[in-house]
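Close look at the chain arrangement
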Amino acid sequence: MIRYGLTLTAAAGIAGGLLAATPAAGDSAPPAAPEWAACPADVVTTLPLECATIPVPLDYDEPDGEQIEITISRMASLSPTERRGILLTNPGGPGYSGLTLPGDLYDRGMPYSVLNAYDVIGMDPRGVGHSSPVSCGFTLGQEYTSNIPPYAVDAAGVAAHAEVVKDVAAQCAANDPEGRMQHMTTANAARDMDTVRAALGEEKLSFFGLSYGSGLGAAYASLFPERSDRVLVDSNMGGTSLDRDTQRRFGLGLEKRFPDFAKWAAKRDDSYGLGSTSREVRATYFELAKQYDEQPVPGFSGAQFRLYTFLGTYKDAPFATIAQMWQSLKVGDPEAALRQAEQLDTAVPADPAAQAEQETGQAEPVPNPSDNALSAYLAYTCNDTEWPEDLATYQKDVETDRKRYPLFGAASANINPCAFWHNDPVDPPLDVNPEGPRNVMVMQNLRDPATPLLGGELVAKAFGDRASLVSVDGGEHGVYVFDDNACALNTGTSFLVDGELPRRDMFCRAS
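Report on the accompanying structure. This one's a predicted model, so the numbers in the text were calculated from it and none came from an experiment.

Structurally, tyrosine 112 can be placed in helix H2 (residues 112–117). Once the C-alpha coordinates of tyrosine 112 and threonine 493 are considered, the two residues, 381 residues apart in sequence, prove to be 9.8 Å apart. Dropping the residues within four chain positions of it, tyrosine 112 is found in contact with Leu78 and Tyr106.

With 112 residues, the main nonpolar core has Ile72, Phe258, Phe261, Phe305, Trp326 and Leu378 as its most contacted residues. With eight residues, the top contributor of residues to this core is helix H6 (residues 244–267). Setting aside residues no more than four positions away along its own chain, isoleucine 72 makes contact with Trp36, Glu50, Cys51, Ala52, Ile54, Leu99, Ile121, Gly122, Met123, Val196 and Leu200. The next biggest cluster of nonpolar side chains, apart from the first, holds 31 residues, and it includes Leu99, Phe208, Leu210 and Leu232.

Next up on the list: the pairing of strand E2 (residues 50–57). Where strand E1 (residues 37–38) meets E2, two bridges bridge the pair, whose relative direction is antiparallel. Its bridge partner being in E2, alanine 38 is matched across the sheet by glutamate 50. Bridging between E2 and strand E3 (residues 67–75) involves eight bridges; their strand directions are antiparallel. Within E3, the position partnered with isoleucine 54 by the bridge is isoleucine 70.

Within the structure shown, the criterion is met by 24 salt bridges. Residue arginine 74 pairs with glutamate 50 through a salt bridge whose shortest N-O separation is 2.6 Å. One end of the pair, arginine 74, is in strand E3; the other, glutamate 50, is in strand E2, with 24 residues separating them in the sequence. The residue aspartate 194 makes a salt bridge to arginine 197 at a minimum N-O spacing of 2.8 Å.

Calculation rules
Residues numbered from 1 in each chain as written. Predicted model: local features only at pLDDT ≥ 70, side-chain atom pairs only at ≥ 80, totals over all residues. Heavy atoms only, no water. Helix = DSSP H or I, 4+ residues; strand = E, 2+ residues; numbered from the N terminus. Contact = heavy atoms within 4.5 Å. Core = buried A, V, L, I, M, F, W, Y, C linked by side-chain atoms within 4.5 Å. Buried < 20%, exposed > 50% of the residue type's maximum accessible area, 1.4 Å probe, protein only. Pairing = 2+ DSSP bridges. Salt bridge = Lys/Arg side-chain N within 4 Å of Asp/Glu carboxyl O.

In short, geometric facts, not functional conclusions.
This is the structure:
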């Protein structure tokens, strides 16, 4: 499913032709058809799915070399007489397992016209979940608990975090002795998708992906334009990868989204006491952030307050929980605030007791349940594009974004492990390819905190005549099926079922 956070919380002659020259799955003998069986025990959905594994090359430059296994799931067409092909899906991340997504879409009310038209395919991308998973060896109690950097109040804060992420990069390198992580790129994941297509005996592949999944869909449509059928990319990052610009747009995203929460809280000031106007609610945010910057308590600092608030705005439903968390902090009860933060399902581990035990040497390291997701996120993010390596660049950008986007800019511009990553990319950055069929729908909420409208506009512009942008008056992360906008749902369904792509960009009003 799509989570609240990105925590585990991104041209015709593609990158000098290097990617275009790579053999595609369909250029050689097709792989053997998969043997479908019961899914792994942890793949739990209301409607049972079937799963299979497909071998793919670790390195597509050596297609007959070492192979790894990609695990896929399937919800077969509910009406075989109406079936038109496969719809491969991805929930985001990078680093989220996608095996349950077909079942999750069913539970969320994906229209039967879509479920009849396609076998809906879930996939754990290479290195994720059940697909030859990687690990940096993260444990509970480590200072590094989220791939979204902490808010840095000054240049010294950036320098301090640089020491943390430098150790993280070294830790990932130590846990990757065979160098498999370097082959975790969005381009390779797209090639794996094409291998899946060939193994399933399909001439073309349709796609629906959200968040980072939008980048994966854009990558497939760019590398394999003539094998792409109908591509719906939702909550777009701005390109095919989660690059530094994408991360820095978290600051812009919260500035656009925060007024939705502030208006909601102001209308309920008699209950929560956070301010009777949006301006007063915003002032309360800065007061609490400053208070816990200056006087952090176990389990809660100003940086954590900002992070939890940011992640909590991914959906409308948690607004009440955010308000409770703020109330708890106002009255000096950080333990209650932490319990409320954990209810946000942000996937950010918070276990002060375990951390205290480990710091005092009273417990063996406990594996972080988010280890694989954290690790895979870093591998894809750091491998897809070049990141600055000098501390001064991050300090300058943090100072700039603290002023430009005061709510969260000094977090999203902060340094991350990619500045110290342990391998050089095996693929050059992958540009969006405007040459190909007109078959891409770009869908975007106006006030998405993680992927603001700008990301969709950039992708649509890069695809040119191949795409239409559907912008939606909403503030959640995830539009088609994941939000409740009738216009967006109907438009996306018509595209996937009948191929109806609007001739021009269109706008959906709030439902």
